[in-house]
Amino acid sequence: MQAEAAASLMTTKMDLNAIVEQMETGDQDSALAALQSYTKEMNQCFTFSNEDGLDREHLGELVLGFLNRDLQPSCLLACLETVRILSRDKHRLDPFITRSAMLTLARYAGIVVDITATPAHSHLVEGQVEGEGGDGEEAAEVSSNIVKESSPHSENSDQEVIVEALKSICNILLHNETGQVVAADLQLIKGVAERLKQCHDPTWNHEVRFFDLRLTFLLTALRVDVRTQLAQELHGISLLGNQLDATLGLCWPDTLETARAGFESIPPEELPPLSREQAERAMEILKILFNITFDTTRRKVDEEEAAEYRHLGAILRHCLLSHADGEERTEEFHSHTVNLLGNLPLPCLDVLLMPKVQQGSIEYMGVNMDAVNMLLEFMERKLDRGHKLKETLLPSLNLLTESARIHRETRKFLRSKVLPPLRDVKNRPEVGNALRNKIVRLMTHIDTDVKDYAAEFLFVLCKENVSRFIKYTGYGNAAGLLAARGLLRGGRESGIYSEDEDSETEEYREAKAHINPITGVVEEEQPNPMEGMTEEQKELEAMKLVSMFDRLSRCNVIQPMQLGMDGKMREMTPEDLHKVAHNPLVQSEEPANSESEDDAQ
């Protein structure tokens, strides 16, 4: 086996030497034959041996030399295909990361802009890439998409040249920091943006459009300065919003209301699925928009920006209600849409509710809830799968939480679905297959973020009312959020919510007095362990218990805590333990609960 591998390596090395020799002659016909042989053999190669690394670098230098000459179309395409293959090797990119080499490739990609040469002064800053839990997974996905075999040749050879050059630049940016710096210095984002403006021009085929977007995604993912430049100087929200509009083939029957051109009268659920090419381009656009908007919720936006975001939000609503070719691609498409919706300024999310109610729409309080219902179903699917909940579930869960916090109709609709009037008082809140049960189970999840987001969602649906929150989740499940907010004594957060009417069910009213607030269910009566004991015996048992607590505390095994007047837990001192021992039945002073118990939707 080793002998075969060694023989194969020797053959490859000899072939590479022969190709280099043919290139060194400078003859285009000889070079064309050699490079076509090389690209045919190496087209599916994504890993490279170090043995012939220097030879590959030399081949790269020779190919670049050819690219600076006036070449026949076939030889030009063969040279660029060779660069695409060679640029897959992240350890041998030196020939391609110089300013002149990048400029040559940019020229063939058609994205060169007239700039004054300035030294690259900025360094790579790792940016937030949509859905990234770590940079390896996203990089692997990008790599697998940008270096695969090119599609069959189209009739327009110029576009084949553009695509091969774009693929090579994408490979270089993915693998090399110096290449990223040079690309930013050459202002490649400006050249790409110019072509992106031609979103309605039928000249450009799918591959040119797709790799324009892939290059833009890489630049905005890897360079903070380019991300800012696209968002501000190049008006990226409007530019890419128009791209998404054109890709989906939208028309606008009314302000902030979209439809598929040619299918205006067809309900969203009956629209034909997006083609594979449409979905691929749309997802690239969504990822780029995510990169340039992820800090939007942390700053104020002016009226002009808010109008742009509302326009974008209307398009994203259409994305939510659209389907791609296949369930898996649809799920991915919706994931990118939800991630981007989470970046929009919260007041702009009202566009999700703006379309008029039509036949087949889900109506609640006179409002079209199609988009909100789709978000809820999407969230539940992610929850049921249980895979990487932090990355897959939290974007939709947080989006629903914030929408419910600021939009009354959204909150009431979600509450009718997630927290309907309580009838089951026999089973614990975390037991069962209803959506409430599933989310309550998350409140004790091992991941702190998952646990906190789940609790926050239900707390907002309860209008941040402690007694109502405990009613639906049980005090034990609710304690984490209440302790963090200083609400263990009860009360209510300062959120502004409308008043609802009481709608307690008959079942809940009858069982209310017998419900254990810790577990949230009616439990069988347990025998009283102190039954038959005298007062002296009770006090003796209490002293024993306090003494055990004191010993464990002094040995740092436990730290006794008690509820302070501010609603937060504080450490118990030996004096506190002494007081409890001599007054075991003393209750903490409870503030009057002025909140009426109501459960209207």
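Predicted model, so just to flag it, every value in this text is computed and none were measured.

The rules behind these values
Residues numbered from 1 in each chain as written. Predicted model: local features only at pLDDT ≥ 70, side-chain atom pairs only at ≥ 80, totals over all residues. Heavy atoms only, no water. Helix = DSSP H or I, 4+ residues; strand = E, 2+ residues; numbered from the N terminus. Buried < 20%, exposed > 50% of the residue type's maximum accessible area, 1.4 Å probe, protein only. Contact = heavy atoms within 4.5 Å. Areas by Shrake-Rupley, 256 points an atom, 1.4 Å probe, with all protein chains shown as cover. Expected span 1.5 Å × (residues − 1). Core = buried A, V, L, I, M, F, W, Y, C linked by side-chain atoms within 4.5 Å. Domains from an automatic or database assignment. Patch = residues over 30% accessible without salt bridge, like charges linked within 9 Å, V, L, I, M, F, W, Y side chains within 5 Å. Salt bridge = Lys/Arg side-chain N within 4 Å of Asp/Glu carboxyl O. Pairing = 2+ DSSP bridges. Phe/Tyr/Trp six-rings, centres within 6.5 Å; stacked < 30°, edge-to-face > 60°. Lys NZ or Arg CZ within 6 Å of the ring centre and 35° of its normal. pLDDT = per-residue confidence, 0-100. Axes fitted to C-alpha atoms, helices over the stretch in contact; angles between N-to-C directions. Parallel < 35°, antiparallel > 145°, perpendicular 65-115°, else oblique. Left-handed = near helix turned anticlockwise from the far one by under 90°.

A few words on the overall build of the protein. For the protein, the helix and strand inventory stands at 26 helices and eight strands. The proportion of buried residues among the 601 residues of the protein is 49%. Partitioning the intrachain contacts of the protein with sequence separation of at least 6 by distance along the chain shows that 74% fall at a separation of at least 24. Of the roughly 29400 Å² of accessible surface on the protein, 51% is carried by carbon and sulfur atoms.

All right, on to the environment of M354 then. Residue position: M354 is located in the loop between α15 (327–341) and β3 (363–364). With relative accessibility at 38%, the residue M354 sits in the partly exposed group. On a C-alpha basis, the gap between M354 and N368 in space is 7.1 Å, while along the polypeptide they are 14 residues apart.

A few words on helix α12 (residues 236–248). Its 13 residues place the ends of α12 18 Å apart at the C-alpha level, agreeing with the 18 Å of an ideal helix rising 1.5 Å per residue. Taking burial as the measure, the 13 residues of α12 include ten buried ones, the bulk of the element. Residues of α12 that are buried: G236, I237, L239, L240, G241, Q243, L244, D245, T247 and L248. Backbone geometry just downstream of α12 places G249 in the positive-phi region, at approximately 70°.

A word on helix α21 (residues 448–461). For an α-helix, the turn length of 3.6 residues means that residues three or four places apart are oriented alike. Look at α21: 20 Å from first C-alpha to last across 14 residues, which is about the 20 Å you get at 1.5 Å a residue. Of all the residues in α21, the buried ones are V450, A454, A455, E456, F457, L458, F459, V460 and L461. Immediately beyond the C-terminal end of α21, within one or two residues, lies K463, with a positive phi of roughly 55°.

Attention shifts here to the nonpolar core. Counting residues in each nonpolar core, the largest one holds 148 residues, and the members touching the most others are L59, L67, F457 and F469. Composition of this core by domain shows at least three residues from each of domain 1 (235–419) and domain 2 (424–494 + 505–524).

A surface patch of nonpolar side chains, about 490 Å² in accessible area, is lined by L545, M548, F549, L552, V557 and I558. Counting through the fold element by element, I558 comes out in the loop between α25 (535–554) and β7 (561–563).

Neither face of strand β2 (residues 257–260) is open: one carries E257 and A259, the other T258 and R260, and all of them are buried. Two elements, strand β1 (residues 250–254) and β2, share three bridges in a ladder whose sense is antiparallel. Paired with C251 across the bridge in β2 is A259. Counted between consecutive antiparallel strands, the loop separating β1 from β2 contains two residues, among which L256 sits at a positive phi close to 60°.

Among the structural elements, F96 can be located in the loop between α4 (73–86) and α5 (99–109). Separated by 36 residues in sequence, F96 and G60 have C-alpha atoms that sit 7.6 Å apart. Among residues more than four places away in sequence, those in contact with F96 are G60, L64, V83, L86, S87, A101, M102 and I172.

With that out of the way, let us pick up the side chain of H318. Take H318: it is sitting in helix α14 (residues 303–320). Among the residues examined, H318 registers a relative accessible area of 7% and is labelled buried. With sequence-adjacent residues up to four places away left out, H318 is seen in contact with L248, L250, T258, A259, R260 and L271.

Residues other than glycine seldom take positive phi values, yet L256 does so here, at roughly 60°. Its location among the elements puts L256 in the loop between β1 and β2. For K463, which is not glycine, the phi torsion reads 55° and is therefore positive. Its place among the elements puts K463 in the loop between α21 and α22 (466–473).

This paragraph deals with the packing of aromatic side chains. Going through the model one piece at a time under the given rule, you end up with three aromatic pairs. Summarising the aromatic geometry, the rings of Y364 and F413 are spaced 5.7 Å apart at their centres and angled 70° between planes, so their arrangement reads as edge-to-face. Of this pair, Y364 sits in strand β3 while F413 sits in helix α19 (residues 408–418); the two residues are 49 residues apart in sequence, bridging distant segments of the chain. The positively charged end of R107 is found above the aromatic ring belonging to Y108, 4.8 Å away from the centroid. Its end group placed over the ring of F217, K287 keeps NZ or CZ at 4.6 Å from the ring centre.

In low-pLDDT segments, the atomic positions of the prediction should not be examined closely. When pLDDT is averaged along the protein, the result is 83; 79% of the residues meet or exceed 70. Contacts of residues 1–11 to residues separated by more than four positions or lying in other chains number two contacts, the stretch itself having pLDDT below 50. pLDDT under 50 marks residues 117–156. Its contacts with residues more than four places away, or in other chains, come to 84 contacts.

Another aspect to go through is the side chain of N437. Along the chain, N437 falls in helix α20 (residues 435–442). If we ignore the near neighbours within four places in the chain, the residues touching N437 are R428, P429, E430, V431 and G432.

Bringing the pattern of salt bridges into the picture now. Side chains that differ in sign of charge can pair as their charged atoms come close. Summed over the entire model, instances satisfying the criterion amount to 29 salt bridges. Note that R84 is salt-bridged to E164, the shortest N-O span being 2.6 Å. Taken as a pair, R84 in helix α4 and E164 in helix α7 (residues 157–175) lie far apart in primary sequence, 80 residues in all. Each member of the pair, R84 as well as E164, carries the same accessibility label: buried. Between K390 and D449 there is a salt bridge; the shortest N-O distance is 2.8 Å. One end of the pair, K390, is in helix α17 (residues 389–392); the other, D449, is in helix α21, and 59 residues separate them in sequence.

Moving on, we get to the packing of helix α18 (residues 394–406) against α21. Running from N to C, α18 and α21 point in directions that differ by 25°, and their axes come no closer than 9 Å. On the basis of their axis angle, the class for α18 and α21 is roughly parallel. Handedness of the α18/α21 crossing: left-handed. Residue-level contacts link L394, L397, N398, L400, T401, A404 and R405 of α18 to D449, V450, Y453, A454, E456, F457, V460 and L461 of α21.

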